[in-house]
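Structural description and commentary
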Amino acid sequence: MDRQNGADVARLIEELALNAESAGARRIDITLTAETLTVEDDGSGMTSGEFALAKKGLFTTKGANKGKGIKLVCDSCKSAEMSRTDGKTVIKCVFSRIP
């Protein structure tokens, strides 16, 4: 998707917040700019290998038919990255610049 509209971004925030909550997050920090959406949480998260599989829809930490969140987010972004540091998971989605 080359451009994000408000509904798209709201859906991405909701998906990432629900993922964080289901991973046991007690705190979720969201940063939104014209080019990026960054969600940081203190949930249990996943490894970088698991994230790579989840981006392709090949892995979920959830039960059957409940794991489309990361795939949906990644398909909606120009790129998506995940890092895990000091017990926190950070997912950063990069959008194409909106003129």
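This is a predicted model, so every value here is computed, not measured.

What the protein contains, in helices and strands, is three helices and four strands. Going residue by residue from the N terminus, the α and β elements of the protein occur as α-β-β-α-α-β-β. For the protein, contacts bridging at least 24 residues in sequence account for 51% of all contacts bridging at least 6.

This brings us to the confidence of the model for the protein. Here the protein averages 82 in pLDDT, while 86% of its residues score no lower than 70. Within the protein, no element has a lower average pLDDT than helix α3 (residues 69–75), which sits at 81, and none a higher one than strand β1 (residues 28–32), at 93.

Assignment of secondary structure puts A20 in helix α1 (residues 6–22). Ignoring any residue separated from it by four or fewer positions in sequence, one finds A20 in contact with A25, I28 and D41.

The next thing to look at is the nonpolar core. Of all hydrophobic cores here, the largest spans 17 residues; its most connected members are L16, L37, F51, I70, I91, C93 and F95. In contact with I91, not counting residues within four places along its chain, are L16, L37, T38, V39, F51, I70, E81 and M82.

With the rule as written, the count across this model stands at four salt bridges. Across the salt bridge formed by K88 and E40, the nearest N and O atoms sit 3.7 Å from each other. In this pair, K88 is assigned in strand β4 (residues 88–94) and E40 in strand β2 (residues 36–41), connecting sequence segments 48 residues apart. You can call K88 partly exposed: its relative accessible area is 35%.

Here the focus is the side chain of T36. When you line up the elements, T36 lands in strand β2. When sequence neighbours within four positions are dropped, the list of residues in contact with T36 reads T31, K92, C93, V94 and F95.

Right, let's talk about unusual backbone geometry for a bit. A positive phi angle, close to 50 degrees, is found at D86, a residue other than glycine. With respect to the secondary-structure elements, D86 resides in the loop between β3 (79–85) and β4.

Here we come to the environment of E50. Its place among the elements puts E50 in helix α2 (residues 48–55). For E50 and T60, which are 10 residues apart along the polypeptide, the C-alpha to C-alpha distance reads 8.0 Å.

Cut-offs and rules
- Residues numbered from 1 in each chain as written.
- Predicted model: local features only at pLDDT ≥ 70, side-chain atom pairs only at ≥ 80, totals over all residues.
- Heavy atoms only, no water.
- Helix = DSSP H or I, 4+ residues; strand = E, 2+ residues; numbered from the N terminus.
- Contact = heavy atoms within 4.5 Å.
- pLDDT = per-residue confidence, 0-100.
- Core = buried A, V, L, I, M, F, W, Y, C linked by side-chain atoms within 4.5 Å.
- Buried < 20%, exposed > 50% of the residue type's maximum accessible area, 1.4 Å probe, protein only.
- Salt bridge = Lys/Arg side-chain N within 4 Å of Asp/Glu carboxyl O.

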